[in-house]
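Summary of the model geometry
Take a look at the letters that make up each chain.
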2 protein chains.
Amino acid sequence: MRATVLRAGRMVVRDDVEEPRPGPGQVLVGVKACGICGSDLHFAAHGDTMLRLGRDMEGMPPIDADIDLAGDVFMGHEFSAEVLEAGPGTDAPPPGTVVTSLPVLLSGGSVTPIVYSNHVIGGFAERMLLSAPLLLPVPNGLDPRHAALTEPMAVGLHAVNRSAIGRGETALVIGCGPIGIAIIAALRLRGVEHIVASDFSVKRRQLAELMGAHETVDPAEASPFTAGPAVVFEAVGVPGILNDVLRRSPQGTRVIVAGVCMEPDTVLPFFGAAKEISISFVYAYDPAEFAESLRAIADGDIDVAPLITGEVGLDGIAAAFDELADPDRHCKILVTP
Amino acid sequence: MRATVLRAGRMVVRDDVEEPRPGPGQVLVGVKACGICGSDLHFAAHGDTMLRLGRDMEGMPPIDADIDLAGDVFMGHEFSAEVLEAGPGTDAPPPGTVVTSLPVLLSGGSVTPIVYSNHVIGGFAERMLLSAPLLLPVPNGLDPRHAALTEPMAVGLHAVNRSAIGRGETALVIGCGPIGIAIIAALRLRGVEHIVASDFSVKRRQLAELMGAHETVDPAEASPFTAGPAVVFEAVGVPGILNDVLRRSPQGTRVIVAGVCMEPDTVLPFFGAAKEISISFVYAYDPAEFAESLRAIADGDIDVAPLITGEVGLDGIAAAFDELADPDRHCKILVTP
């Protein structure tokens, strides 16, 4: 079977991957579409650092502790797929059903994220295994390429839910990459009446408007912080942004950090203290948010079509990883194996 | 009149300070006691940096923007005092009444913090001005030295109020200097049933127990983060602590940052993200918290006597600033002019 894997920092097509066989409770699916996530790019470039940070972290079970970067790594966690075959004694939708799922594989007693793994195949492959209890049939004849955006849009929904923003509050979204765009869509879904979006890229600002921002700001031209009190969504995730938010935002600002900065970041806590700012780091989503995300896309409440700026096969992933570095060119590239 | 002022980084006694004269709405008071705050020490050592940070900060009115470090700076914001004389047409408690007040001077239309100033005299002086509408008579014949701790104890009360901690939640207080101790007292006041306090200093751990901690930890011996989920109060305020909290605390931890770190601090946002940690920076208190703090001390609900580890006159302030660097020796030194 064909799959594209991370090998020594590059995405490489293999045609000798062993065909996955569904165990009890599992389902073999054919991947219809799988989005490339910013975290995929980051893992490809800085996987060693991410694994080291994961090992250094206490207070939760180790993340991906068993990944060996000397071996091939399967990736792809934003997928839709078609049911091919259920495992032994497994109740599953009939073959041909288009589904999506939380990117998690249940296997006997273990729970493995379908994110980066030497063993568990992700969406950058012809076929993969999913868990029957987690399958969500894609409703309304929704285009499977759109259903693949359930996962990234759920990230936005979760960030907005965690912010507890009220409709009458102003939302300021810093950074209009895929996460910022998902946040804008979710803010709109929640009826927030004043959404300001900030990005240096004109293309991204246009996309932000298309997805529901009421106002956009080019931070090279004007400060995004002059609109008055706002709930700030930090969706850039590079060092320096958080301190800029602390330094410039008004007293009492709630900051939702949704951009995952993987590098050390320096802040001046004095700014946070003097203005009594609160910061909530948010991450991923819960199963209900994932299901709501699919429903909102399928019902037409969120139109994800404008986000899809490219489509490649398994052999186009390596080049797509390079192209995604240019914010003026791409938002989401889908892999259709 | 005598006052001790900050001059070129050192505390210097002057006996030629012009006698303050109360304007309308103001009251001349004789200082009974004034605590030395960690922020006083920091301002003496790093005032230039603090003023620069204040000027760099946007989103709120400038703090202390007009202070000239080339001139003498009056300090002292944790005071009790005796009413001497009311300004023209000013309704005030009778002379001899012992009072405390929010450290703010109302003067015509302007509001000046009594913290650091070239002009507004603070508590490190024989006499100072206060604002009649802000005066709180000290009840129950409370020792004026204890009443002077209203301000630092209000800082702890505010931090605990902002945390919204429930009685059944565990509180973990990192750092048992004056702020940590005030937090412990406030947690106890709010009926929190499990208070864990962490400090390298044995004296400070003993004080933490005396003030209400149910358990103390020497972080050189054991991790304070193994007690399970806790609301974490960061009361150290030096670079590196916040990242340590992010790295080691459990998923979903709420961190209340009460220790004001004035230096750049580096964190790994990844730790915050992966565990969805929230951080609330807290600062100062509101008038109701200040009044409640005085009431709790006067009613005996908070016994501040153990905090007072030293007492000096105006000519002892310079040496006291040096001595306070040693955590095993001092918690709060009072100036009794």
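This section reports on the structure supplied with the text. What you are looking at is a predicted structure, and each value in this text was computed from that prediction instead of being measured.

This part is about the relation of the copies chain A and chain B. Take chain A, turn it by 180°, move it 0.0 Å along the axis, and it overlays chain B with an RMSD of 0.0 Å. Expressed as a symmetry operation, the mapping of one chain copy onto the other fits a two-fold axis. For chain A, the smallest separation between a C-alpha atom and the rotation axis is recorded for Thr266(A), amounting to 2.1 Å. Both copies present the same face, since 100% of the interface residues in chain A are matched by interface residues at the equivalent positions in chain B.

All names here are of chain A. One can describe the packing of helix α3 (residues 150-163) onto helix α8 (residues 287-298) by two numbers: an axis separation of 8 Å at closest approach and a directional angle of 115°. Read as a crossing pair, α3 and α8 show a hand that is right-handed. From α3, Thr150, Glu151, Met153, Ala154, Leu157, His158 and Asn161 reach across to α8, where they touch Glu289, Phe290, Glu292, Ser293, Leu294 and Ile297.

Attention shifts here to helix α4 (residues 178-189) of chain B. Residues and elements named next belong to chain B. Between its terminal C-alpha atoms α4 stretches 16 Å, which fits the 16 Å expected from twelve residues at 1.5 Å a residue. Every buried residue of α4 is listed here: Gly180, Ile181, Ala182, Ile183, Ile184, Ala185, Ala186 and Leu187. In the segment just after α4, Gly191 is the residue with positive phi, at about 80°.

Here twelve strands make up an open sheet; going across it, the order is β14(A)-β13(A)-β12(A)-β15(A)-β16(A)-β18(A)-β18(B)-β16(B)-β15(B)-β12(B)-β13(B)-β14(B) and the pairing mixed. Here the strands that pair on one side only, and so sit at the sheet edges, are β14 (215-217) of chain A together with β14 (215-217) of chain B. The average undirected angle you get between the axes of adjacent strands in this sheet is 20°. Strands β12 (170-174), β13 (194-198) and β15 (231-234) of chain A of the sheet are contacted by helix α4 (residues 178-189) of chain A, whose axis makes an angle of about 165° with β12(A). Relative to the sheet, helix α6 (residues 241-248) of chain A contacts β12, β15, β16 (254-257) and β18 (278-281) of chain A, its axis offset from that of β16(A) by approximately 170°.

Our focus in this paragraph is the pairing of strand β1 (residues 3-7) of chain B. Residues and elements named next belong to chain B. Buried residues dominate β1, accounting for four of its five residues. When β1 meets strand β2 (residues 10-14), the two strands line up antiparallel, connected through five bridges. By the bridge assignment for β2, Val5 is matched with Val12.

Criteria and thresholds
Residues numbered from 1 in each chain as written. Chains lettered and ligands numbered in written order. Predicted model: local features only at pLDDT ≥ 70, side-chain atom pairs only at ≥ 80, totals over all residues. Heavy atoms only, no water. Least-squares fit on C-alpha atoms with pLDDT ≥ 70 in both. Contact = heavy atoms within 4.5 Å. Axes fitted to C-alpha atoms, helices over the stretch in contact; angles between N-to-C directions. Helix = DSSP H or I, 4+ residues; strand = E, 2+ residues; numbered from the N terminus. Left-handed = near helix turned anticlockwise from the far one by under 90°. Expected span 1.5 Å × (residues − 1). Buried < 20%, exposed > 50% of the residue type's maximum accessible area, 1.4 Å probe, protein only. Pairing = 2+ DSSP bridges.

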